[in-house]
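Architecture and fold: a report
Read off the chains here:
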Amino acid sequence: MEDSPSDVRLMREALSAHDSSHELLVVTDGEQAVRFLRHEPPYTDSPRPDLVFLDLNLPRLDGRDVLSMMKADPALRSIPVIVLTTSESDQDVHNAYDLHANCYIRKPGDFDEFLRIVRACDDFWFHIVRLPK
Amino acid sequence: MNSGSPLVPVRTRLRNRSTFTCISLTIALPIIALLINEWLRPQLKPSFEPILTASVAGVCWFCGRYYGAAALVVSSVVFEYFFLAPYYTFDLAGVNEALRFGFFVAVNGLIIALMSNLYDAEAAVLRSDRMYRNLSELLPFGGWIADEDGNMRHVAESFRRTFECTMEQCAGLGWTSLIVEDEREKVITEWKACVAKGYFWDFEYRMKNPRGEVYTVLSRGVPVADPHGGRLSWIGMCLDVTERERNLQERLRQARDIARFNAELDQLAYVSAHDLQEPLRTIASYLQLLQRRYQGQLDADADQFINYAVGAANHLRQLLQDLMRLQTVGKSPRPKDRHELRALVDRAIANVAPLPDDTYIEFGDLPTIYCHDVEFIQLFEQLIANAVKYRRPAAACHIRIAAERGPGFVSAYVRDNGVGIAPEFRDRIFDVFQRLHSRSEYPGTGIGLAICRKIVESHGGRIWVENGENGGACFCFTVPDIASGPDDIHKLKA
């Protein structure tokens, strides 16, 4: 869930550089995010994501609201949410965890670092951690 | 002294009788006494001494001790000639007469002495009174006197002149009508309470004169005790502190302005550094992607261009991060506290670890210091890291850290035997991003010492660099040190 096209592309590049087999689906604002998760049009055929990367600053509906909505919904709250955002303020970190984000990652300053993080996430969430079916 | 000055001459005759009056009194009074005695003699047979003595006392009272003495001489002559046997001669008949004469002179002498003491005392009082009045007129707005119930009895001339009022208008509590409305009630209450309890009076308030000019008045007074107990009066001074008050307000306003300006500047610096990082992230990331994707596929020039761009982007990111680090110095929400310097230095060394094998750190005296622990750990980290970074490659790195307590301050140093700093650069190196070497010689952005300086200066201290060991550098700093408890007073004295 990311509104900046350059950051979306970075994610795609990182995943392809990592040779991952995951499918990346993108929504670019908070409202779209909600519709996607609830399989509402135009996302009636959307799959249930295994993992969500969420930027806090989304247009239309703020990322924090999307997060709290997800964690309040019994059908959605078991999906791990990784907050991936530019802010490093203690307040934002605290609030994110308070709203039950699974973890908080600050977008790194360059691509090498980003690649390292994406690899680590893949390793952790898909090879070390067991996800619910 | 201007003309019309309220000051009075201090040396003055107590009773200003002219010389002519005194001489006439000296001669006349004993004669009058003589005549009175003659007139009363048939009925009352009075002895002459009391009346003569009264005349001498009278002259002494009216004209002073010297005329009194002269009157005594005249009276003695009169007494001896007219009233001691044998009469109308200057001889004395016998022992009785001699005794009587002697007694007369002695008693009168004593009376003159007593009266002149009284006279001196009165003169002294008058002198002191005049001195006080003069003193009280020296500074605006002068002295004041009130009675034991707090009613104003006398205010100085300069006060009356400034506030264009008469003594009658100020009497009692009349002076309070000059106080500005919003302070009047409080002053009256405080004054009445003070008078009731007999405390030292020290109050500041604003007064307005009929022309509308407002003055800030500092009034101080003490009760004057009656030697028999109780209170006789109140005596005090009013000082014109309007100028001082104005200056104080001005300085406060300036300080507030400066603080606000600094806060705005700080905020701006932080927000800029923070916001600039965002687009920089995109730049750096995509340059790296370019590097990865197209390295070797375009020509060598393209490779080099991309390398330079990537390097610059990284450098820029480092600069921004350093600026933000500098920004956060001095904004620690934690309060200052007393810490063991040794503990802080140990933490700093642990944070800089691992150090090269041939690094030797020795410690001198390290007393306690009153500071922010986190910031001072940062300070020592930076200084130690610098000492290690700028070492001489051929020699082992020796670092000495010591401190000592002085009156009201602690001074410390970190001395090394490294490459040193030439005297002409010793001021510049503490500036932001100032470096003496290229980044290929020694890495870094040149923010370290600027952070050190900001830490030390935000504690009210000073940092500078001197010669170290063998051409190395010695970074010294002093920090004001306030005792925070009775134990520390002992340590300070030690």
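Everything discussed here concerns the structure shown above.
Because the structure is predicted, anything quoted here is derived from the model rather than measured. (Residues numbered from 1 in each chain as written. Chains lettered and ligands numbered in written order. Predicted model: local features only at pLDDT ≥ 70, side-chain atom pairs only at ≥ 80, totals over all residues. Heavy atoms only, no water.)

As for the overall build of chain A
- When you go through chain A residue by residue, the secondary structure sums to 5 helices and 3 strands.
- Tracing chain A from N to C terminus, the helices and strands come up as α-α-β-α-β-α-β-α.
- Considering chain A as a whole, with its 133 residues, one finds that 47% of them fall into the buried category.
- The contacts of chain A with a sequence gap of at least 6 include a subset with a gap of at least 24, amounting to 58%.
- Taken as a whole, chain A presents about 7100 Å² of accessible surface, with 49% of it coming from carbon and sulfur. (Helix = DSSP H or I, 4+ residues; strand = E, 2+ residues; numbered from the N terminus. Buried < 20%, exposed > 50% of the residue type's maximum accessible area, 1.4 Å probe, protein only. Contact = heavy atoms within 4.5 Å. Areas by Shrake-Rupley, 256 points an atom, 1.4 Å probe, with all protein chains shown as cover.)

Some details on the packing of helix α10 (residues 341-352) of chain B against helix α11 (residues 373-389) of chain B
All names here are of chain B.
- Two elements in contact, α10 and α11, have axes whose closest approach is 8 Å; the angle formed by their N-to-C orientations is 55 degrees. Classified by the angle between their axes, α10 and α11 sit oblique to one another. Where α10 crosses over α11, the handedness of that crossing is right-handed. In this structure, α10 uses L341, L344, V345, R347, A348, I349, N351 and V352 to contact α11, whose residues at the interface are D373, F376, I377, F380, E381, I384 and A385.
- Partitioning the contact of α10 with α11 into residue classes produces 11 nonpolar, 1 polar and 3 charged. (Axes fitted to C-alpha atoms, helices over the stretch in contact; angles between N-to-C directions. Parallel < 35°, antiparallel > 145°, perpendicular 65-115°, else oblique. Left-handed = near helix turned anticlockwise from the far one by under 90°. Nonpolar A, V, L, I, M, F, W, Y, C, P; charged D, E, K, R; others polar.)

Here we look at the sheet that holds strand β9 (residues 397-406) of chain B
All names here are of chain B.
- Reading across from one edge, β7-β9-β10-β12-β11 is the order of the 5 strands in this open sheet, with mixed pairing throughout. Looking at the sheet topology across the chains shown, the edges are occupied by β7 (359-363) and β11 (462-467). Across the sheet, the axes of successive neighbouring strands diverge by a mean angle of 15 degrees, strand direction being ignored.
- Bridge count for β11 against strand β12 (residues 473-480) is 6 bridges, and the pairing is antiparallel. Within the sheet, the bridge partner assigned to E466 lies in β12 and is C474.
- Sheet strands in contact with helix α12 (residues 448-458) are β11 and β12, and its direction is about 130 degrees off that of β11. (Pairing = 2+ DSSP bridges.)

Quick word on the pattern of salt bridges
- In the structure shown here, the tally under the stated rule is 39 salt bridges over all chains.
- For R293 of chain B, the salt bridge identified is with E13 of chain A, shortest N-O distance 2.3 Å. Residue R293 of chain B is located in helix α8 (residues 242-294), and its partner E13 of chain A is located in helix α1 (residues 5-17); the two belong to separate chains.
- You can call R293 of chain B partly exposed: its relative accessible area is 37%.
- Between R106 of chain A and E88 of chain A there is a salt bridge, with the nearest N and O atoms lying 3.7 Å from each other. Residue R106 of chain A is located in strand β3 (residues 103-106), and its partner E88 of chain A is located in the loop between β2 (81-85) and α4 (90-98); the two are separated by 18 residues in the primary sequence.
- You can call R106 of chain A partly exposed: its relative accessible area is 31%.
- The exposure class of E88 of chain A is partly exposed, given its relative accessible area of 34%.
- Through salt bridges with shared partners, one network takes in E2, D7, D55 and K107 of chain A together with E278 and R281 of chain B. (Salt bridge = Lys/Arg side-chain N within 4 Å of Asp/Glu carboxyl O.)

Thoughts on the sheet that holds β2 of chain A
Residues and elements named next belong to chain A.
- With respect to topology, 3 strands assemble into an open sheet ordered β1-β2-β3, the strand pairing being parallel. Edge positions in the sheet fall to β1 (52-54) and β3, since each has one partner strand and no second. Averaged over all neighbouring strand pairs, the angle between strand axes comes to 25 degrees, with direction disregarded.
- Here 4 bridges tie β2 to β3, and the two strands are oriented parallel to one another. Paired with T85 across the strands is R106, a residue of β3.
- Each of β1, β2 and β3 touches helix α5 (residues 111-128); the most contacted strand, β3, lies at about 165 degrees to it.

Points about α5 of chain A
- Here α5 of chain A contains 18 residues, and its C-alpha end-to-end distance of 24 Å stays within 8% of the 26 Å for a straight helix at 1.5 Å per residue.
- Those residues of α5 of chain A that fall on the buried side of the exposure criterion are F111, F114, L115, I117, V118, C121, D122 and W125 of chain A. For α5 of chain A, the arc enclosing every buried residue in end-on projection is 160 degrees, short of the 170-degree limit, so these residues lie on one face. Among the exposed residues of α5 of chain A, those pointing more than 90 degrees away from its buried face are R116, H127 and I128 of chain A.
- Tucked into the core, α5 of chain A has its buried residues touching α1, β1, β2 and β3 of chain A together with α8 of chain B. (Expected span 1.5 Å × (residues − 1). Arc of directions from axis to C-beta.)

Some thoughts on the nonpolar core
All names here are of chain B.
- Grouped together as the largest cluster of nonpolar side chains are 41 residues, with contacts concentrated most on F376, F380, F475 and F477.
- When contributions to this core are tallied by element, the ones reaching two or more residues are α10, β8 (368-371), α11, β9, β10 (409-416), α12, β11 and β12.
- The element that contributes the greatest number of residues to this core is α11, accounting for 8 residues.
- Discounting residues that sit within four places of it in the chain, F376 has contacts with L344, I369, C371, I455, H459, F477 and V479.
- Ranked by size, the runner-up nonpolar core spans 24 residues in total, among them V155, L178, W191 and Y215. (Core = buried A, V, L, I, M, F, W, Y, C linked by side-chain atoms within 4.5 Å.)

A short note on the interface of chain A and chain B
- Listed by partner, the interface residues are 16 residues for chain A and 15 residues for chain B.
- Taking both sides of the interface into account, the surface hidden between chain A and chain B amounts to around 1300 Å²; carbon and sulfur atoms contribute 46%.
- Considering only the surface of chain A that becomes buried against chain B, G109, D110 and F111 of chain A emerge as the three largest contributors, covering 32% of it.
- Applying the counting criterion to the chain A and chain B interface returns 4 salt bridges.
- A salt bridge links R281 of chain B to D7 of chain A, with the shortest nitrogen-to-oxygen separation between them at 2.9 Å.
- Where chain A packs against chain B, one counts 10 residue pairs in polar contact (both at pLDDT 80 or more).
- Among the elements of the structure, α1 and α5 of chain A are those that each provide at least two residues to the side of chain A that touches chain B.
- Examining the composition of the side of chain A that touches chain B, we find that 6 residues originate from one element, α1 of chain A, more than from any other.
- Taken together, the residues that form the side of chain A that touches chain B break down as 5 nonpolar, 3 polar and 8 charged. (Buried area = accessible area lost by both parts, 1.4 Å probe. Polar contact = N/O pair within 3.5 Å; in protein donor to acceptor, adjacent residues only side chain to side chain.)

Comments concerning the packing of helix α1 (residues 19-44) of chain B against helix α3 (residues 65-83) of chain B
All names here are of chain B.
- Orientation of α1 relative to α3, taken along the N-to-C sense of each, is 30 degrees, at an axis distance of 10 Å. The angle between α1 and α3 falls in the class roughly parallel. Handedness of the crossing formed by α1 with α3: right-handed. Contacts between α1 and α3 involve T19, C22, I23, T26, P30, L34, N37, E38 and R41 from the first element and Y67, A70, A71, V74, S75, V78, F82 and F83 from the second.
- Grouping the amino acids of the contact of α1 with α3 by side-chain chemistry returns 11 nonpolar, 4 polar and 2 charged.

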